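Spelled out from the first residue to the last, the chains are:
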Amino acid sequence: MSEIVLDVRDLEAGYEPGVPIVRGASITVAKGEIVVVLGPNGAGKSSFIKAIAGLVPITGGTVFLDGKDITAAPAHTMVRLGLAFVPQTENIFPLMSVEDNLRVACGILERREIPARIEEMYAAFPDLVRQRRTAAGNLSGGQRQMLAVARALIVHPKVLVLDEPSAGLSPKFVSMVFEMLAGIRKSGVTVLLVEQNAKAALAIGDRAYVLVEGKDRHEGIASELWNDPVVAELYLGQRPRKSGTGGGA
Ligand SMILES: Nc1ncnc2c1ncn2[C@@H]1O[C@H](COP(=O)(O)OP(=O)(O)O)[C@@H](O)[C@H]1O
Ligand SMILES: [Mg+2]
């Protein structure tokens, strides 16, 4: 029996009253799983995970973290509750050194455990140790994402939520990011991952959901979804073979 860490039920959220963007989306993430959320541009993937992280107003539904209802919890309390969110952009402090970026992410740790925890992050992300004095803004795109993820992991979150960590990176750094995610998976961290790079995300994920127009429309085992005709229709924009669910443009 797998223990559910994140349980999102019928979530509704949006930026303006009366304009729902997330429209009844439900997902679960079990301990140690990497769950991928796919979907066309504008499907509401970022809004969905931002709402989970307390960054977009929720108008309906429930978010449970480790069985605790966190639906109304403000964003700044999420790290303490065990949810670490890595936004797509602006996820590091570019003018601060790599080490200071890690240090300021340690807020909820006991002071005496911080130096050892920073060293553990360097052990997990060897690229960062060589750059510990470098301003984070001077890192490569791939290393920046490593730093962003290390900043999130440093406080031992129950779940790591990532918004498109490979977005905007050159192919070399995309591979670097996915190798890092595969490593995270081995270490047993629970991950909710939004990705445009469907093939690579499905290769490292356990299960995946396809979000369309703010709602979870399809779900499956990650390794099977790439060849799933429903995914091809909903996500890749191919025409259905038989008429059925009416997919969008
Ligand atoms: N800050 C915002 N204010 C108002 N509308 C927004 C905001 N961010 C996103 N949206 C709208 O929400 C919808 C879903 O966007 P988003 O969640 O970014 O989708 P995805 O991440 O799947 O591409 C889009 O129609 C977008 O215009
Ligand atoms: Mg997005």
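In the annotation of an unreviewed UniProt entry, the chain is listed under the name ABC transporter ATP-binding protein and assigned to Mesorhizobium ciceri. Taken verbatim from the UniProt record of the chain, the Sequence similarities (unreviewed entry) comment is "Belongs to the ABC transporter superfamily."

**Student:** I keep staring at the overall build of the chain and nothing clicks. Help me out?
**Tutor:** Of the regular secondary structure elements, the chain holds 10 helices and 10 strands. For 249 residues, the compact-globule estimate of 2.2 N^0.38 gives 18 Å, and the C-alpha radius of gyration of the chain, at 18 Å, lies within 12% of that figure. Counting only C-alpha atoms and orienting by the principal axes, one finds that the chain spans roughly 60 × 40 × 40 Å. Looking at the chain residue by residue over its 249 residues, the buried ones come to 49%. Sequence separation of 24 or more characterises 67% of the internal contacts of the chain that already satisfy a separation of 6 or more. Taken as a whole, the chain presents about 12200 Å² of accessible surface, with 52% of it coming from carbon and sulfur. Computed over 27 positive and 27 negative side-chain charges, the separation of the two mean positions in the chain equals 3 Å.

**Student:** Any chance you could explain the domain arrangement of the chain here in plain terms?
**Tutor:** Many analyses report the size of an interface as the accessible area lost when the parts associate. Segmentation of the chain into domains returns domain 1 (1–80 + 159–239) and domain 2 (83–156). Each of domain 1 and domain 2 was reduced to a C-alpha centroid, and the two centroids are 23 Å apart. Contact with domain 1, which involves 27 residues of that partner, is made by 19 residues of domain 2. Where domain 1 packs against domain 2, one counts zero salt bridges. For the pair domain 1 and domain 2, the number of links is six residue pairs in polar contact (both at pLDDT 80 or more). Its residues assigned to classes, the side of domain 1 that touches domain 2 comprises 22 nonpolar, one polar and four charged.

Criteria and thresholds
Residues numbered from 1 in each chain as written. Chains lettered and ligands numbered in written order. Predicted model: local features only at pLDDT ≥ 70, side-chain atom pairs only at ≥ 80, totals over all residues. Heavy atoms only, no water. UniProt positions renumbered as here; feature names shortened; annotations may be inferred. Helix = DSSP H or I, 4+ residues; strand = E, 2+ residues; numbered from the N terminus. Rg over C-alpha atoms; globule rule 2.2 N^0.38 Å. Buried < 20%, exposed > 50% of the residue type's maximum accessible area, 1.4 Å probe, protein only. Contact = heavy atoms within 4.5 Å. Areas by Shrake-Rupley, 256 points an atom, 1.4 Å probe, with all protein chains shown as cover. Lys, Arg positive; Asp, Glu negative; His and termini not counted. Charge placed at Lys NZ, Arg CZ, Asp CG, Glu CD. Domains from an automatic or database assignment. Salt bridge = Lys/Arg side-chain N within 4 Å of Asp/Glu carboxyl O. Polar contact = N/O pair within 3.5 Å; in protein donor to acceptor, adjacent residues only side chain to side chain. Nonpolar A, V, L, I, M, F, W, Y, C, P; charged D, E, K, R; others polar.

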